[in-house]
Amino acid sequence: MKNQSVTNNIDWITVTIYIIMVILGWLNIYSSSLSSIEGETSIFDVTQIYGKQFLFILVSIPLIFTILAIDAKFYEKFSSIFYVLGLLSLAGLFVFGKTVKGQTNWYGFSSFSIQPAEFAKTTTALLLSKFLSDVQVNLKESQKQIQALGIIILPILLIAPNDPGSALIYTFLVLVLYREGLPSWYLWTGFVAIVLFIFALLLEPYVIILIALAVISFIYFKSRLIDRNWMMSGILLILISGYVFSVDYVFDNVFKQHHRDRFNILLGKEVDLKGVGYNTNQSEIAIGSGGWFGKGYLEGTQTKGGFVPEQHSDYIFTTVGEEWGFVGSIFIILLFVGLIIRIIYLSERQKTKFSRIYGYCVASILFIHFFVNIAMVIGIFPTIGVPLPFFSYGGSSLWGFTILLFIFLKMDANKVNEW
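Residues numbered from 1 in each chain as written. Predicted model: local features only at pLDDT ≥ 70, side-chain atom pairs only at ≥ 80, totals over all residues. Heavy atoms only, no water.

Novice: Is there a simple way to think about the overall build of the protein in this case?
Specialist: Helices and strands together make up the secondary structure of the protein, namely 19 helices and three strands. Counting the 419 residues in the protein, one finds 48% classified as buried. If you take every contact in the protein between residues at least 6 apart in sequence, the share linking residues at least 24 apart comes to 70%. Element-wise, carbon and sulfur atoms account for 68% of the exposed surface of the protein, whose accessible area totals about 20,900 Å². (Helix = DSSP H or I, 4+ residues; strand = E, 2+ residues; numbered from the N terminus. Buried < 20%, exposed > 50% of the residue type's maximum accessible area, 1.4 Å probe, protein only. Contact = heavy atoms within 4.5 Å. Areas by Shrake-Rupley, 256 points an atom, 1.4 Å probe, with all protein chains shown as cover.)

Right, here's the structure in full:
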């Protein structure tokens, strides 16, 4: 049987959404960059941010064709090698990395920089998919759970010291493990740990421990007599107590000062509208000033005035909010929701377990980037430097997401050749 053409079977709905996002992202980068330009300049001026982004977009085109031209089995077959190369690229930052604004996240090549963490997401997703698709892997077994979590944790350990924001993205690959059979108590434990961490920053440890004691006691006495286990309840209370008392130490000694400041601003423990809280405050003002229909493209006064720092990258959504208003913002959000739902839909139609799991990895990574970035710019999440996929400025970001997405589209197009 002759293999069918990948071009004829590629999901053009997803490709169309991708193209729309990239074009809209570039238009918003152009608008957000005008405040720093004196005099007239071409929209394709490569000395400007938007001109560079245009070049990044052009490079994405042959990159896409290359991904689609390679046999789909290639990505599965060499997933282990890709993963190792990804880890080496992250480890190399500690020796050869370029430090920008206190973070050593890039390799510098003259005026060009590349961020390996953006590409390591794909390599991690590939190996995780390869591991989970093995017929002998059962996530009900503790050994397999540790191995799967280890694949996720290794890049996190290399990224977290320099870029906690990017490291956070990797943790949400646990959602994929949950989809493949990881016991739900892992998710509940993670959720409770986050809640306790936040409460420990707001309340005295003894207050939280008393609340935990009351909750555990209530559950204990409400359980059937045969299910009661006072020893496990006691151990749980001890673990919670130890965790709560350790939060202050971790917060003061592991988190960097600017991370502590951002948490304190978010939690209302500090008010610093001219310092650390300036970006978020200006972002909220810019988005709020857009009203229902926005001020019009290239007409944003906050954007033109350059009031929001890093507006072309992490805060690009503020340009959308100010110039396109609530309606335009909802349109962008619906684009992302539509893309993620489409990827999940395609994932469920895959004929191989590897392709299905990888599709869920892609959906998880895009979702958490989208969710955290939007939450960050509207002030309900700390500023941690997470780009908005296909919108934020940066070659590494655009290429990383493009590679991540189009490898999956290649797998999806190839399913007609799978038995």
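Novice: Please explain the side chain of Asp11 as it appears in this structure.
Specialist: Mapping Asp11 onto the fold places it in the loop between helix H1 (6-9) and helix H2 (12-33). Taking relative accessible area as the criterion, Asp11 reaches 8% and is therefore assigned buried. Among the polar contacts listed, one links the side chain of Asp11 to the side chain of Thr14, at a separation of 2.4 Å. If near-sequence neighbours (up to four positions away) are discounted, Asp11 is found in contact with Arg342, Leu346, Leu409 and Asp412. (Polar contact = N/O pair within 3.5 Å; in protein donor to acceptor, adjacent residues only side chain to side chain.)

Novice: Looking at this structure, how should I read the packing of aromatic side chains?
Specialist: We describe a pair of aromatic rings using the distance from one ring centre to the other and the angle between the two ring planes. Per the counting criterion, the structure on display carries 17 aromatic pairs. An aromatic cluster of three or more residues is present, and its members are Tyr18, Phe390, Phe401 and Phe406. (Phe/Tyr/Trp six-rings, centres within 6.5 Å; stacked < 30°, edge-to-face > 60°.)

Novice: What is the right way to read the sheet that holds strand S3 (residues 112-114) from this model?
Specialist: For sheets, the rule is that strands pair by backbone hydrogen bonds, running either parallel or antiparallel. Taken together, the three strands give an open sheet; going across it, the order is S1-S2-S3, and neighbouring strands pair in antiparallel fashion. On the outer flanks of this sheet lie strand S1 (98-100) and S3, each paired with one strand and no other. The mean angle between the axes of side-by-side strands here comes to 55°, regardless of whether they run parallel or antiparallel. Alignment of strand S2 (residues 103-109) against S3, held across three bridges, turns out to be antiparallel. Of the residues in S3, the one forming a bridge with Gly108 is Ser113. (Pairing = 2+ DSSP bridges. Axes fitted to C-alpha atoms, helices over the stretch in contact; angles between N-to-C directions.)

Novice: How should I be thinking about helix H7 (residues 116-132) in this particular structure?
Specialist: An α-helix turns once per 3.6 residues; consequently, residues spaced three or four apart project the same way. Taking 1.5 Å of rise per residue, 17 residues should cover 24 Å, and H7 covers 24 Å from first to last C-alpha, within 8% of that figure. Of all 17 residues in H7, 15 are buried, a share of seventy percent or more. (Expected span 1.5 Å × (residues − 1).)

Novice: Would you mind going over the packing of helix H5 (residues 79-91) against H7 with me for this structure?
Specialist: When two helices pack together, you describe them by how their axes are tilted relative to each other and by the distance separating the axes. Running from N to C, H5 and H7 point in directions that differ by 150°, and their axes come no closer than 8 Å. Overall, the two elements H5 and H7 adopt an arrangement that is roughly antiparallel. Note on packing geometry: the crossing formed by H5 with H7 is left-handed. Judged by residue contacts, Ser79, Ser80, Phe82, Tyr83, Gly86, Ser89 and Leu90 of H5 engage Pro116, Ala117, Ala120, Thr123, Thr124, Leu126, Leu127 and Lys130 from H7. Per-class residue counts for the contact of H5 with H7 are eight nonpolar, six polar and one charged. (Parallel < 35°, antiparallel > 145°, perpendicular 65-115°, else oblique. Left-handed = near helix turned anticlockwise from the far one by under 90°. Nonpolar A, V, L, I, M, F, W, Y, C, P; charged D, E, K, R; others polar.)

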